[in-house]
Amino acid sequence: MAVVYADLRFARSSHKTDAAQVPTHEDWGLTYENVTSLRENEERKTTTPPKPNALRGACDLLTPYITAILSLLFLTFLAATIGLSVRLSQVSQNKHEVAARLEGLWGQHDDLNSSLTSKILTKDAEAQKLGEVLRQTKAELEQTKTYLDKSQEELRTKTQQLQRTIKEKEDLESKSRSLQDNVRNLNNKLQEKQTECDTNLRQAESQFRSCSQTLAQSKTSLTDTERKLRTTQNNLYSKDRELTVTKKDLQKVRSDLSQSSQSAGVLRKSLNDKTQILSDAEECFRNSCEGGRNLYDVGYGGFSYCPGTWKEINGKCYYFSSDEKMRYIAEEYCKKRGATLAKIEENDHIIKELIRKNVKSYWIGLRKVGKMWQWPDMSTQSDLLENYNSPPCVTASPQLTTQRCDAQLPWICQKKTETCNFSMDTLRCFGEKIGFFGEKHPGEDEL
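Criteria and thresholds
Residues numbered from 1 in each chain as written. Predicted model: local features only at pLDDT ≥ 70, side-chain atom pairs only at ≥ 80, totals over all residues. Heavy atoms only, no water. Helix = DSSP H or I, 4+ residues; strand = E, 2+ residues; numbered from the N terminus. Buried < 20%, exposed > 50% of the residue type's maximum accessible area, 1.4 Å probe, protein only. Contact = heavy atoms within 4.5 Å. Areas by Shrake-Rupley, 256 points an atom, 1.4 Å probe, with all protein chains shown as cover. Phe/Tyr/Trp six-rings, centres within 6.5 Å; stacked < 30°, edge-to-face > 60°. Lys NZ or Arg CZ within 6 Å of the ring centre and 35° of its normal. Pairing = 2+ DSSP bridges. Axes fitted to C-alpha atoms, helices over the stretch in contact; angles between N-to-C directions. Salt bridge = Lys/Arg side-chain N within 4 Å of Asp/Glu carboxyl O. Core = buried A, V, L, I, M, F, W, Y, C linked by side-chain atoms within 4.5 Å.

**Student:** Any chance you could explain the overall build of the chain here in plain terms?
**Tutor:** Secondary structure summary: the chain contains five helices and 13 strands in total. Here the chain holds 447 residues, and 13% of them are scored as buried. The long-range fraction of contacts in the chain, counting pairs at least 24 apart against all pairs at least 6 apart in sequence, stands at 66%. Working note: accessible area of the chain is about 36100 Å², and carbon and sulfur atoms make up 56% of it.

**Student:** What am I meant to see in the packing of aromatic side chains here?
**Tutor:** Any aromatic ring pair is given by two values, namely how distant the centres are and how the planes are angled relative to each other. Per the counting criterion, the structure on display carries four aromatic pairs. Through pairs of rings, three or more aromatic residues link up here, namely W310, Y319, Y333 and W411. Positioned over the ring face of Y333 is R337, at 3.6 Å from the centre of the ring. Of note, K415 hangs over the ring of W310, and the distance from its end group to the ring centre comes to 4.6 Å.

**Student:** For this particular structure, what's the right way to read the sheet that holds strand β10 (residues 393–396)?
**Tutor:** Paired through backbone hydrogen bonds, the strands of a sheet run either parallel or antiparallel to each other. The strand order across the open sheet built from five strands is β9-β8-β7-β10-β11, with neighbouring strands paired in antiparallel fashion. Here the strands that pair on one side only, and so sit at the sheet edges, are β9 (380–381) and β11 (400–403). Relative to strand β8 (residues 372–374), strand β7 (residues 362–369) is paired through three bridges, and the arrangement is antiparallel. Each bridged residue has a counterpart across the sheet, and for V369 the counterpart in β8 is M372. Together, β7 and β10 form the strand contacts of helix α3 (residues 327–336), whose direction differs from that of β7 by roughly 105°.

**Student:** Whenever I open this one, the environment of M326 confuses me. Can you help?
**Tutor:** Following the sequence through the fold, M326 ends up in the loop between β5 (316–320) and α3. Expressed as a C-alpha distance, the spacing of M326 and D406, which sit 80 residues apart in the sequence, is 5.0 Å. Not counting chain neighbours up to four residues away, the residues in contact with M326 comprise W363, C405, D406, A407 and Q408.

**Student:** I keep staring at the pattern of salt bridges and nothing clicks. Help me out?
**Tutor:** Proximity of charged atoms lets side chains of opposite charge pair with each other. Counted by the stated rule, this structure contains 13 salt bridges. We note a salt bridge from K343 to E345, for which the minimum N-O separation is 3.4 Å. Since its relative accessible area comes to 17%, K343 is described here as buried. The structure contains a network of salt bridges with shared partners spanning K343, E345 and D377.

**Student:** Would you take a moment to explain the nonpolar core for this structure?
**Tutor:** Soluble globular proteins: nonpolar side chains tend toward being buried together. In terms of nonpolar packing, the biggest core is built from 15 residues, with Y318, F320, I351, I355, I364 and I412 touching the most fellow members. Going through the elements one at a time, β5, α4 (349–358), β7 and β10 are the ones with two or more residues in this core. Tallying contributions element by element places β7 first for this core, with three residues. I355 has contacts with F320, I344, K360, Y362, A396, S397, P398 and I412, leaving out every residue within four places of it along the chain. Grouped together as the second largest cluster of nonpolar side chains are 14 residues, C306, C317, Y319 and A339 included.

**Student:** Just checking my understanding: could you explain unusual backbone geometry for this structure?
**Tutor:** P398 follows S397 through a cis peptide bond whose omega is -5°. By secondary structure assignment, the location of P398 is in the loop between β10 and β11. Positive phi outside glycine occurs at V359, with the angle close to 50°. Topologically, V359 is positioned in the loop between α4 and β7. Of note, M378 is a non-glycine position whose phi angle comes to about 75°, a positive value. Exposure remark for M378: the relative accessible area of 59% places this residue in the exposed category.

Structure (structure tokens):
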């Protein structure tokens, strides 16, 4: 079996084509080179030096496999060649289409060329106009140059000013840096204050919620107050009307009061006169009644009496206080007036009735001395109910009751009546002073 080894190549045909044309599949040809027969290959093998028998045996075993692989590679390459030929035919067809489009583009080019020619002529006319404008612009440019020279001089002046400004700017930047340092310090302080303010704000929010609740309550209270205020206003209107009537009555009363005041002046003058008469009449009794001196031994008359705020009961004087003091203060009060705290006996019905009418408990003279209850006259009381822890002082309501001595209560003082003794001269003096008797002048024998 003979095996042919072929070197398959594609070679371009030798005739020249236009540079603008696309090559077709006709410009290409399929050639075969280096075709040799198996016999020539075998002859080459005979010229090679003989191989060892082991290597020859291995080559004989691999030869069928190698042949099969090469056959597959050839078939694959042949299929690729056929595919490329088909692709070349498609490219050739595209070339004709491109040529047709190119002819259309040449037609469009001629149309555009004619239109461009007319436009160029138009643009030449416009260019002439622009030349005129350009000359005018040159003249304006000369003026602008003159202005520019002036501007450059001003620019130099501005540059000097700018340099001074830059120096001032550097000074300001230095000040700005110092201010920035101050600002940073202030920012730090501000942050601290912000923290403090946040804390205060939270507290204020808490207080605000509390105030909101209070406000809601206040609103409710305000509604009630407004309702009461309307009621009060209505009452005020009625009271105002009543006040008008009262003013009229008051004016009438004021008029009456003025008349009464005049009458009172007359009565006051009369009272002063009477008071002076009584004061003169008291002089008649002062020497007879001072100290309660007893003048019965000279045959004069007299009577017993109690001071103005005291009550005479059963031949004794009693004082019922309206103030409330502790017992020892009440006892001192009685002693300074020549009296003692009162002794109330079983038959003192009038005193008991007065105590009952006043509906009060009064300090009296009974108190505990040792194991006995004793009155100021040293007599004792044995029927007083008491227990082991009873206080040492006693009150009358009118029943006798033990009481703590530091309690604040009214009291009753007791003393003997006072006696006033007078003669016939005393009586005549009193009658003369009050105008009941005429004034007596001494006779010649009395002088």
